[in-house]
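Listed below, chain by chain, are the residues.
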Amino acid sequence: MTRFVLFVVLAIFVARAFWRVYDAILEAASGRPPKGQVPDRGVQMVRDPVCGTFLIPDRAVMLADGRNRVFFCSDACRDKYRSRTA
Ligand SMILES: [Zn+2]
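In this report, the structure presented in the accompanying data block is examined. The structure displayed is predicted, hence computed values, not measured ones.

**Re the overall build of the chain**
Helices and strands together make up the secondary structure of the chain, namely two helices and four strands. Sequence-ordered secondary structure for the chain, helices as α and strands as β, is α-β-β-β-β-α. Relative to its full complement of 86 residues, the chain shows a buried share of 6%. Across the chain, the fraction of contacts at a sequence separation of at least 24, relative to all contacts at a separation of at least 6, is 30%.

**Quick look at the pairing of strand β3 (residues 61-65)**
Bridging between β3 and strand β4 (residues 68-72) involves five bridges; their strand directions are antiparallel. Paired with Val61 across the two strands is Phe72, which belongs to β4. Counting the residues that bridge the hairpin from β3 to β4 gives two residues, and of these Gly66 lies at a positive phi of roughly 65°.

**Thoughts on the nonpolar core**
Judged by nonpolar contacts, Ala60, Val70, Phe71, Phe72 and Cys77 together constitute the single largest core of five residues. Per element, the largest residue contribution to this core is three residues, and it comes from β4. In contact with Phe71, other than residues within four places in its own chain, are Val46, Asp48, Leu55, Pro57, Ala60, Val61 and Met62.

**Side note on the environment of Arg69**
With respect to the element layout, Arg69 can be found in strand β4. Separated by twelve residues in sequence, Arg69 and Pro57 place their C-alpha atoms 9.8 Å apart.

Conventions we followed
For every chain, the first residue of its written sequence is number 1, and the numbers climb from 1 along that sequence. In keeping with the predicted nature of the model, local features appear solely for residues at pLDDT of at least 70, side-chain atom pairs appear and are counted solely at 80 or more, and the whole-chain, interface and lining totals rest on all residues. Helix numbers and strand numbers start at the N terminus; a helix is a DSSP run of H or I with at least 4 residues, a strand a run of E with at least 2. Whether a residue is buried, exposed or partly exposed is read from the other C-beta atoms within 10 Å of its own C-beta, which are placed from the backbone; 20 or more gives buried, 12 or fewer gives exposed, and intermediate counts give partly exposed. Our contact criterion uses C-beta atoms placed from the backbone: two residues qualify when those atoms are within 7 Å. Pairing between two strands requires that DSSP report at least two bridges joining them. What makes a nonpolar core is a set of buried Ala, Val, Leu, Ile, Met, Phe, Trp, Tyr and Cys residues, with links drawn between C-beta atoms within 7 Å.

This is the structure in structure tokens:
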């Protein structure tokens, strides 16, 4: 039984890794502008998922997570998020 659980956990890890690669390939193939470019100048606030602070993306610390961009108030929050999802 323990072996089965280990196998499932491993399978999930592998699937997640593959999904990220697949995502990156899709993004490259679709020819969208690279991440880090802000498409419009609207004052849309984003939320730091670690501490919950609302931020202006231009001033926030950005982390590309798959096809999403996640914004943080500080490097400390970004590192916390990264270690949480790694
Ligand atoms: Zn924060």
